[in-house]
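Close look at the chain arrangement
If you want the building blocks of each chain, they are given just below.
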Amino acid sequence: MHWMGVDDEAELVARLRSGDADAFDAIYDGYRPRIFGFLLRLSRRRTVAEDLLDETFLRLVRHAPALRPDTNLGAWLFTVARNLYWSYRRASALEDDVEPATLSLWPIAAPGPSPFDLVVGGELEARLERALQALPPQHREVLLLVIREGMRPSEAADVCGVTAEALRQRLARARAALIRHMDLERPIRRYGT
Amino acid sequence: MMDDDDIASAGLRLLPPEDVSVSRARRLRGRCHDELRRSTAAEPAPRRPLVGPALIGAWSALYLAATLRAAAAIYGF
């Protein structure tokens, strides 16, 4: 998964290695929302996702001179972000089996659809976000990397530190669990219509 | 006709993008520029030749040992 062409990305990496701030800006603007969205949906806490995003990009610039010329920036950034999340989780002994209904991407959980749900997405998106939140993080990360970010399973396997076969199995289980949690048997009505 | 898997996958791809606030993004950009300047400004330390100093050190040690031996022979230690 290269967010731009491989040659363009190689040129960006070369410029970043030599300390070019414009090259950093191009990478930062391209990847920041994607890494943040990944971290936000993985951690389910905005403040945590913000802190982990900071650390991900700070690590990129600290390691800039040591980057290999053929570095796949997307895979590099998602790997660092994902590893930081798991380190955070281990350090904070975060309980992940909290009742999903009490969790929200936002600091204060609201019962039922939040104003954000109503304004931005409608019920399908709201159900999807809630279903994602109800999944274990191992399932969330594969769904986000492969389906949301369009990574090849082999790339996602590298990011997650598992074999391609293990990732494929995990992805199949995650898809099934997501659909179960979305409760698609229940009709979807759109808010405001 | 889309099945449940298609709906879930399409929904995941179409979830709204997320981002940090403009001020936070600007702050992090500034910190990263500073770090980038620092990390790329430090030139790698020039590799010092190791063979020359090692030979000189070894020769000095041998010379010192020979001198001490000669001194010991002269003064009868």
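Some remarks on the interface of chain A and chain B
The interface of chain A with chain B comprises 45 residues on the first partner and 26 residues on the second. Taken together, the two surfaces of chain A and chain B that pack against each other cover about 3,200 Å², and 64% of this comes from carbon and sulfur. Notably, a salt bridge pairs R46 of chain A with E18 of chain B, separated by 4.0 Å at the nearest N-O pair. If you look at where chain A meets chain B, you find 16 residue pairs in polar contact (both at pLDDT 80 or more). Going through the elements one at a time, α1 (6–17), α2 (21–43), α3 (46–62), α5 (115–134), α6 (137–148) and α8 (164–182) of chain A are the ones with two or more residues in the side of chain A that touches chain B. Top contributing element to the side of chain A that touches chain B by residue count: α2 of chain A, with 11 residues. Broken down by class, the residue content of the side of chain A that touches chain B amounts to 26 nonpolar, 3 polar and 16 charged.

Focus on the layout of surface pockets
Reported here for the second largest pocket is a volume of approximately 160 Å³. Around the second largest pocket, the lining residues are T71, N72, A75, W76, T79, R152, E155, D158 and V159 of chain A.

Considerations on the packing of aromatic side chains
Residue and element names in this part refer to chain A. Under the definition given, this model contains 6 aromatic pairs over all chains. For the ring pair F24 and Y28, a centre distance of 5.3 Å and an interplane angle of 25 degrees mean the geometry is stacked. Taken as a pair, F24 and Y28 lie in helix α2 at a separation of 4 residues, close to a single helical turn. With a centroid separation of 5.1 Å and 85 degrees between ring planes, the pair formed by Y28 and F57 is classed as edge-to-face. Note that Y28 is positioned in helix α2 and F57 in helix α3, a separation of 29 residues in sequence. For the pair shown, Y28 and F57 are each scored as buried. Chaining the aromatic ring pairs together yields one cluster made of F24, Y28 and F57. Its guanidinium or amino end placed over the ring of Y28, R32 lies 4.8 Å from that ring's centre, counting from NZ or CZ.

Brief notes about the confidence of the model for chain B
Here chain B averages 86 in pLDDT, and 87% of its residues register 70 or above. Taken together, the chains of this predicted complex give a pTM of 0.74 and an interface ipTM of 0.77.

Focus: the pattern of salt bridges
The tally for this structure, following the rule as stated, stands at 24 salt bridges over all chains. The partner of D29 of chain A in a salt bridge is R29 of chain B, with the nearest N and O atoms 2.6 Å apart. Note that D29 of chain A is positioned in helix α2 and R29 of chain B in helix α2 (residues 22–41), a pairing that runs across two chains. A salt bridge links R82 of chain A to E141 of chain A, with the shortest nitrogen-to-oxygen separation between them at 3.0 Å.

Re a nonpolar patch on the surface
Residues and elements named next belong to chain B. A cluster of nonpolar residues, I74, Y75 and F77, forms a patch on the protein surface that exposes about 490 Å² of accessible area. Among the secondary structure elements, Y75 is positioned in helix α3 (residues 51–75). Exposure remark for Y75: the relative accessible area of 63% places this residue in the exposed category.

Cut-off values and rules
Throughout, residues of each chain are indexed from 1 in the direction in which the sequence is written. Chain letters and ligand numbers both follow the written order, the letters beginning at A and the numbers at 1. The predicted nature of this model means local features are confined to residues of pLDDT at least 70 and side-chain atom pairs, given and counted, to a pLDDT of 80 or more, with totals for whole chains, interfaces and linings taken over all residues. Water and hydrogen atoms play no part in the side-chain values, which are based on all heavy atoms of the structure. Between two residues, a contact is recorded if the distance between any of their heavy atoms is within 4.5 Å. Accessible surface is computed with a 1.4 Å probe, and the buried area is the amount of it that two parts give up when combined, taken over both parts together. Here a salt bridge means any side-chain nitrogen of Lys or Arg lying within 4 Å of a carboxyl oxygen belonging to Asp or Glu. Any N or O atom pair separated by 3.5 Å or less is treated as a polar contact, with the protein-specific requirement of one donor-capable and one acceptor-capable atom, and with residues adjacent in sequence counted only for side-chain atom pairs. We count a stretch as a helix when DSSP gives it H or I for four or more residues in a row; a strand needs E for two or more, and each element gets its number in order from the N terminus. Charged residues are taken to be Asp, Glu, Lys and Arg, nonpolar residues to be Ala, Val, Leu, Ile, Met, Phe, Trp, Tyr, Cys and Pro, and polar residues to be all remaining types, Gly included. Put plainly, a pocket is an open set of points on a 1 Å grid over the protein atoms alone with protein on both sides within 12 Å along at least five of seven lines, a cavity is a set where a 1.4 Å probe fits but cannot get out, and a lining residue has an atom within 4 Å of a point. Grid points are joined across faces, edges and corners, and a volume is the space filled by probe spheres set on the points. Stacked, tilted and edge-to-face pairs are distinguished by plane angle, under 30 degrees for stacked and over 60 for edge-to-face with tilted covering the rest, among Phe, Tyr and Trp rings (Trp via its six-membered ring) whose centres lie within 6.5 Å. Buried means the residue's accessible area, taken with a 1.4 Å probe over protein chains only, is under 20% of the maximum for its type, while exposed means over 50%, and partly exposed covers the values in between. Over a ring means this: the NZ of a Lys or the CZ of an Arg is within 6 Å of the ring centre and within 35 degrees of the ring normal. Summary of the metric used: pLDDT quantifies the predictor's per-residue confidence within the range 0 to 100. The patch calculation keeps residues exceeding 30% relative accessible area without a salt bridge and links them within 9 Å when they carry like charges or within 5 Å when they are nonpolar (Val, Leu, Ile, Met, Phe, Trp, Tyr). The method behind every accessible area is Shrake-Rupley, applied with a 1.4 Å probe, and residues are considered shielded solely by the protein chains displayed.

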